[in-house]
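One-letter residues, chain by chain:
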There are 2 protein chains.
Amino acid sequence: MFASHPYGIKITQALNLAEFPDSPADLYDPIRYILSLSGKRIRPVLVLMGAKLFGESDLDRVLPASVAIEYFHNFSLIHDDIMDRAPLRRGKETVHQKWNDNVAILSGDALLVRAYQELAKCPNQHVPDLLTVFGRVALEVCEGQQLDMDFERRASVSEADYIEMIRLKTSVLLGGALQMGAIMADAPSAQQELLYQFGEAIGIAFQLQDDFLDVYGDPADFGKQSGGDILSNKKTILAIRTESLVRGDDRNEFNLLLSSDQMAPLEKIDRMKALYLKLSVDQYAEELKVRYMELAYSKLDRIEVDETRKQELKDLAQALLDRTR
Amino acid sequence: MFASHPYGIKITQALNLAEFPDSPADLYDPIRYILSLSGKRIRPVLVLMGAKLFGESDLDRVLPASVAIEYFHNFSLIHDDIMDRAPLRRGKETVHQKWNDNVAILSGDALLVRAYQELAKCPNQHVPDLLTVFGRVALEVCEGQQLDMDFERRASVSEADYIEMIRLKTSVLLGGALQMGAIMADAPSAQQELLYQFGEAIGIAFQLQDDFLDVYGDPADFGKQSGGDILSNKKTILAIRTESLVRGDDRNEFNLLLSSDQMAPLEKIDRMKALYLKLSVDQYAEELKVRYMELAYSKLDRIEVDETRKQELKDLAQALLDRTR
């Protein structure tokens, strides 16, 4: 998504320059492999944009923090894919699928250590603050992943619990990436905090958009068959809102759809979408997304830098939220 | 082992003071659990001794680095136990056994992040050097674990490869712990390096002693049935040396013992021990251990501090290597 953005190109160059030993092959090959799968590079781009916003002109100084964030993100993908038993990532085999669980555990661990080694390359005066933000965010991402797994076993999840889970699992890392950029540009802490909150709100909107696209996205754009979340009974914002609204016959229909493992996939998707339409949950999800976008913009408005500097963050937010895949 | 040493008590107090959130329970309960299993506390004690050696009088200043090392060690135990499918650790259920693999992966990850958070609490001027040593050692420990797993699948392993594996998997962390203490006492880097090398050599001797005790230790002292390594065909220094020496009928006997899964355990142990005796591999392992001890002492000798200051490290080395369990 941002791989062709000038910042994305800079980051890809930095990732390509990174050296990993050849041996032990099963430790370092998986790291080279996951980094070579072309991700969106959103998070490392945010580090650079956060620094640029507060006037940092030499982005090369900021690159190690940017690489650290990308390493952390890929570490979390390797380990999450084991836990979720996901066979594919970005259309390619996941690490545990291509090698095995042990290789995925250990190469993920090594990549997390490498993330911290990148942080340590940043200018010494910024390292303590970077460590504080990075460590807090890293723990929150672990908490988010644990909540996500806990929710799978729960019969029902409230909207507030769901928002908190996606905040931890996804959004804090976007906010943290921006804040780390701001730290490296010596932004005052209240200003850093506003930028963090901008990223956090954008992250929640981003995940709500993901839930929406899984059902309503064009499969050709979205890169996967739509309705996958419906088929797997995933507790998305659409499912959670439906669960909170259905009454009478609609509840029977909803429960039937959740418990049916015999129904043809397309029929299950169509009948669930009919419920969504009847209860306007698609519209609700859109509105909720817009509310988080507005929250994000209200934070960005309060940041005390020239308005023209904010444009690239606005463009990025718009691109994330208008995306069809 | 050092849990009742004054330093060990200090460390246990620090570990008890550490706060982990109550929720998500499956993320933080396993961390509290593994830390509560009374380990030897060797590594965190080494951090304090490394600082003391170079004149640090306020050990409370050094405690966060000490706790970081203990967290890292326990993170690696949680993940190694998954990979090795170990059911027990320190006589208690391992984390993946008591909960499940996913819980063990994620709580291990969180504990590694917490280790870095402890490092970040150290005085700012030391943080960059601490991160350098900690990161290098952490990656080497991952490499050692990978080599250990690689060796299991290999028909034969040379003594040099084995020593390199235990150096990475075990010894670098002992050396690194000492060096981190030295860093915090502002020791010159050449002196830090000597102390690191002392720890590394002691670590290799320590592991060789472990191999020896598994066969020749008193089960009552050692806390587990002796001969476990023989029964599982583990490539210990004793097995590797035997493999390199056996000829003729002895080779047939050795191969028979390795391939026999029908033989009574005690018979297999006795017949393997007879081979060890015939080839004097027990004596060889002892001598090799002594050589690494002497190497360690030669490094300690060259450290330029008052000889009386070195006594507690000598006592510790002696305790580690005279141990019967």
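Conventions used here
- Residues numbered from 1 in each chain as written.
- Chains lettered and ligands numbered in written order.
- Predicted model: local features only at pLDDT ≥ 70, side-chain atom pairs only at ≥ 80, totals over all residues.
- Heavy atoms only, no water.
- Salt bridge = Lys/Arg side-chain N within 4 Å of Asp/Glu carboxyl O.
- Buried < 20%, exposed > 50% of the residue type's maximum accessible area, 1.4 Å probe, protein only.
- pLDDT = per-residue confidence, 0-100.
- Contact = heavy atoms within 4.5 Å.
- Buried area = accessible area lost by both parts, 1.4 Å probe.
- Polar contact = N/O pair within 3.5 Å; in protein donor to acceptor, adjacent residues only side chain to side chain.
- Least-squares fit on C-alpha atoms with pLDDT ≥ 70 in both.
- Helix = DSSP H or I, 4+ residues; strand = E, 2+ residues; numbered from the N terminus.
- Expected span 1.5 Å × (residues − 1).

(A) Inspection of the pattern of salt bridges at higher detail. Within this structure, the stated rule accounts for 40 salt bridges over all chains. For R251 of chain B, the salt bridge is made with E243 of chain B, and the minimal N-O distance between the two is 3.9 Å. Its relative accessible area of 25% is what places E243 of chain B among the partly exposed residues. Here the salt bridges do not stand alone but share partners, grouping D26 of chain A together with D150 and R153 of chain B into one network.

(B) View of the confidence of the model for chain A. Averaged over every residue, the pLDDT of chain A is 94; the share at 70 or more is 98%. We note a pTM of 0.95 for the whole complex and an ipTM of 0.95 for its interfaces.

(C) Main features of the interface of chain A and chain B. Contact with chain A, which involves 36 residues of that partner, is made by 36 residues of chain B. When the two sides are added together, the surface that chain A and chain B hide from each other amounts to roughly 3,300 Å², 72% of it contributed by carbon and sulfur. Our count for the chain A to chain B interface comes out at two salt bridges. In this structure, the salt-bridge partner of D26 of chain B is R153 of chain A, at a minimum N-O distance of 3.8 Å. At the junction of chain A and chain B, the tally comes to six residue pairs in polar contact (both at pLDDT 80 or more).

(D) A look at the relation of the copies chain A and chain B. With an axial shift of 0.0 Å and an RMSD of 0.0 Å, the rotation relating chain A to chain B amounts to 180°. Taken together, the turn and the small shift mark the pair as related by a two-fold rotation axis. A shared interface surface links the copies, since 100% of the contact residues of chain A are contact residues in chain B too.

(E) Representation of helix α6 (residues 101-120) of chain A. Residue and element names in this part refer to chain A. Over its 20 residues, α6 runs 29 Å from end to end, which matches the ideal 28 Å to within 8%, given 1.5 Å per residue. For α6, a buried count of 16 out of 20 residues is recorded, marking the element as mostly surrounded by other parts of the structure. Capping of α6 at its N-terminal end is provided by N100; its side-chain oxygen lies 3.0 Å from the backbone amide nitrogen of N102.

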